[in-house]
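# Per-entry structural report
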Amino acid sequence: MADLEARAWPGACAGHDPALAPRAMVLVDEAGAVSASLALLYKEIPLAGRTYRAAGLSGVVTLPELRGRGLGARLVAAARAELAADPAVDLALFSCDRELAPFYEAAGFEILPGTVLLGGTPAEPLATDEPGFDKAVLAAFFLHDEGRTDEVRAAFTGVRVPLYPGLIDRLW
């Protein structure tokens, strides 16, 4: 997984903050080689007088020579299904480059219009709407009570969300 990430993002820092309880998901070929990978990160987010149990996708990558074959799509869909089945997760929430949003929408995530994630830390924030940093914020809501799902969607739409995952995973 580290080799795959190093090929995709040369010079990037490998690994995730242990405080975010990272879990790796990988897609392996018949020979056992990693073809695609991602990390699931977990954090409680206080917002609108409540605390939500959120998970995020991070480091989604497919071997360059295997892109366009649907491997990343399979892995992202599997991650969404994994999170949906986890009773400890209220929602998935993450940002991506705006041009990648349709890829995640195809896996069942939705764009949250006007939502901004505040990453980093309160002292050293990184916002998804900073100049030159064109990100889309996506989510999936896993609450089984439809009325509650609508309530949570409304709470996370068009607001600045204090994600603050720290300085290692400044945004997920």
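Everything numeric here is computed off the predicted structure, so don't read it as measured data.

Per the secondary structure count, the protein includes four helices and nine strands. Written out in order from the N terminus, the α and β elements of the protein read α-β-β-β-α-β-α-β-β-β-β-α-β. Overall, the protein is about 50 × 35 × 30 Å in size when its C-alpha atoms are taken along their principal axes. Residues classed as buried in the protein amount to 44% of the 172 residues present. A separation of at least 24 residues holds for 70% of the contacts in the protein among residues at least 6 apart in sequence. Surface exposure of the protein reaches about 8500 Å², of which carbon and sulfur atoms provide 56%. Placing the 15 positive and 23 negative side-chain charges of the protein at their respective mean positions leaves the two points 1 Å apart.

The first and last C-alpha atoms of helix α2 (residues 71-84) sit 20 Å apart over 14 residues, in line with the 20 Å expected at 1.5 Å per residue. Taken as a whole, α2 has its buried residues at L71, G72, L75, V76, A79 and L83. Projected down its long axis, α2 shows its buried positions confined to an angular sector of 130°, all on one face. Next to the buried residues of α2 lie β1 (23-28), β2 (34-47), β3 (50-62), β4 (91-97) and α3 (101-106).

Here we take up unusual backbone geometry. Residue A21 is not a glycine yet carries a positive backbone phi of 45°. Judged by its relative accessible area of 42%, A21 is partly exposed. Unlike most non-glycine residues, A48 shows phi in positive territory, near 50°. Following the sequence through the fold, A48 ends up in the loop between β2 and β3. By relative accessible area, which is 64% here, A48 ends up exposed.

As a general point, the strands of a sheet are linked pairwise by backbone hydrogen bonds and lie either parallel or antiparallel. Reading across from one edge, β7-β6-β9 is the order of the three strands in this open sheet, with mixed pairing throughout. Each end of this open sheet is capped by a strand with a single partner; those strands are β7 (125-127) and β9 (160-161).

What follows concerns the environment of G158. Secondary-structure assignment places G158 in the loop between α4 (146-156) and β9. Along the sequence, G158 and V26 sit 132 residues apart, while their C-alpha atoms lie 33 Å from each other. Once residues lying within four places of it in the same chain are set aside, the contact partners of G158 are P113, G114 and T115.

Okay, the environment of V89 next. Within the secondary structure, V89 is located in the loop between α2 and β4. Each C-alpha atom of the pair V89 and S37 lies 21 Å from the other, and the pair is 52 residues apart in sequence. When residues no more than four places from it in sequence are discounted, the contact partners of V89 are Y42, R53, A55, L83 and F142.

Analysis parameters
Residues numbered from 1 in each chain as written. Predicted model: local features only at pLDDT ≥ 70, side-chain atom pairs only at ≥ 80, totals over all residues. Heavy atoms only, no water. Helix = DSSP H or I, 4+ residues; strand = E, 2+ residues; numbered from the N terminus. Buried < 20%, exposed > 50% of the residue type's maximum accessible area, 1.4 Å probe, protein only. Contact = heavy atoms within 4.5 Å. Areas by Shrake-Rupley, 256 points an atom, 1.4 Å probe, with all protein chains shown as cover. Lys, Arg positive; Asp, Glu negative; His and termini not counted. Charge placed at Lys NZ, Arg CZ, Asp CG, Glu CD. Expected span 1.5 Å × (residues − 1). Arc of directions from axis to C-beta. Pairing = 2+ DSSP bridges.

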